[in-house]
Amino acid sequence: CTQTIIDHTDLIRNLVNEIATFARFTTANPEHCELPALSQETVARYREGHPDIEFHINVAGDVPTMRLDRQQIKQTLINLIDNAIASIRTVGEISITVAHRPEEKTVTLVVADTGAGISDMAKTRIFEPDFTTKKSGMGLGLAIVSTIISDHNGRITVADNSPQGARFIIELPV
C-alpha cells in the first residue's frame, strides 16, 4: 500500500509540474549561449544516475555562439533525454550531436537513442498537447519542446534511429 501511495504521489507531482511548466510558459529571452557546453552540462546530471546508459556528445565542426534562451533550450534537452531514458528502459545509448551547417546558416542538434522507437502513427501527433504514449504524464513535454524551438525560429522533427530507437532533429538559425 505504501508503494502504491508513493507511486501515485510521484505521478501527481509529475502532472502538476507539467501543467505548471505549460501554464507559465513565456517567450524566449535570448542571450549568447554555447550549445555544445549547454549539452555537456545537461547530460552531466544524468550520467551518474543511469550507469547502464551510455551518453555521447558529438560536436561536428566549429559551432558558433548563438542567441538562445539558455533555460528553455536546457528544458528542451531535459525533456528529450527524459523521454529517451524512458524509451530505453534498461541498457542503451543516448547521443547528442551538435553540428554547424554554415551553408544553410543553421546549427543542428540531434538527440538519438537506442530505445523502443516511435510508431509511424505517433510520429504524426507527437508534438501535439495532450498526446502521449506513456502511462503517466499529460503529453505536454514534447508540445513544450516544439513551442520552445518555434520561439527560437527553429524546426523540430522526429525520425527513426538506425538500427533502433528514435532521433529528434532540431534545426536552429545562426
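Going by the structure above, here's the rest.
Residues numbered from 1 in each chain as written. Predicted model: local features only at pLDDT ≥ 70, side-chain atom pairs only at ≥ 80, totals over all residues. Heavy atoms only, no water.

Student: I'd like a rundown of the packing of helix 3 (residues 70-88) against helix 5 (residues 141-151), residues and numbers included.
Tutor: Between helix 3 and helix 5, whose axes approach to 9 Å, the crossing angle comes to 145°. Considering the relative orientation of helix 3 and helix 5, their crossing is left-handed. Along its contact with helix 3, which presents Gln72, Ile73, Gln75, Thr76, Asn79, Leu80 and Asn83, the element helix 5 presents Gly141, Leu142, Ile144, Val145, Ile148 and Ile149. (Axes fitted to C-alpha atoms, helices over the stretch in contact; angles between N-to-C directions. Helix = DSSP H or I, 4+ residues; strand = E, 2+ residues; numbered from the N terminus. Left-handed = near helix turned anticlockwise from the far one by under 90°. Contact = heavy atoms within 4.5 Å.)

Student: Could you give an account of the pairing of strand 4 (residues 92-101), with specific residues and numbers?
Tutor: Alignment of strand 2 (residues 53-60) against strand 4, held across 8 bridges, turns out to be parallel. If you follow phenylalanine 55 over to strand 4, its bridge partner there is isoleucine 94. As paired strands, strand 4 and strand 5 (residues 106-113) are joined by 8 bridges and run antiparallel to one another. Following the sheet pairing, threonine 97 is matched in strand 5 by valine 110. (Pairing = 2+ DSSP bridges.)

Student: Give me the lowdown on the pattern of salt bridges, citing residues and values where you can.
Tutor: Evaluation of the coordinates by the stated rule reveals 8 salt bridges. A salt bridge links glutamate 41 to arginine 70, with the nearest nitrogen and oxygen atoms 2.3 Å apart. With a gap of 29 residues between them, glutamate 41 in helix 2 (residues 35-47) and arginine 70 in helix 3 connect regions that are remote in the sequence. The exposure class of glutamate 41 is partly exposed, given its relative accessible area of 35%. For arginine 70, a relative accessible area of 30% corresponds to the partly exposed category. A salt bridge links arginine 125 to glutamate 128; the nearest nitrogen and oxygen atoms lie 3.1 Å apart. By relative accessible area, arginine 125 is classed as partly exposed at 35%. It is possible to trace a salt-bridge network through shared partners that takes in Arg101, Glu104, Arg155 and Glu171. (Salt bridge = Lys/Arg side-chain N within 4 Å of Asp/Glu carboxyl O. Buried < 20%, exposed > 50% of the residue type's maximum accessible area, 1.4 Å probe, protein only.)

Student: Give me the packing of aromatic side chains: which residues, what numbers.
Tutor: Each pair of aromatic rings is reported with the distance of its centres and the angle of its planes. Per the stated rule, a full pass over the model turns up 2 aromatic pairs. On the basis of an interplanar angle of 80° and a centroid distance of 6.2 Å, the ring pair of phenylalanine 127 and phenylalanine 168 is categorised as edge-to-face. Taken together, the residues phenylalanine 127 in the loop between helix 4 (120-125) and helix 5 and phenylalanine 168 in strand 7 (residues 166-173) connect sequence positions 41 residues apart. Each member of the pair, phenylalanine 127 as well as phenylalanine 168, carries the same accessibility label: buried. (Phe/Tyr/Trp six-rings, centres within 6.5 Å; stacked < 30°, edge-to-face > 60°.)

Student: Kindly report on the side chain of threonine 76, identifying the contributing residues and their values.
Tutor: Note that threonine 76 resides in helix 3. Accessibility expressed as a relative area gives 1% for threonine 76, which makes it buried. Residue contacts for threonine 76: discarding those within four places in its chain leaves Val145, Ile148, Ile149 and Ile170.

Student: So what's going on with helix 5? Residues and values would help.
Tutor: Every buried residue of helix 5 is listed here: Leu142, Ala143, Ile144, Val145, Ile148 and Ile149. Backbone geometry just downstream of helix 5 places asparagine 153 in the positive-phi region, at approximately 60°.

Student: Now, about unusual backbone geometry: what can you tell me, with residues and values included?
Tutor: Following serine 162, the chain continues into proline 163 via a peptide bond in cis, with omega recorded as 10°. Considering the arrangement of structural elements, one finds proline 163 in the loop between strand 6 (155-160) and strand 7. For arginine 89, which is not a glycine, the phi torsion comes out positive at approximately 70°. Note that arginine 89 resides in the loop between helix 3 and strand 4.

Note that every value here comes from positions in space, so none of it alone points to a role or purpose.
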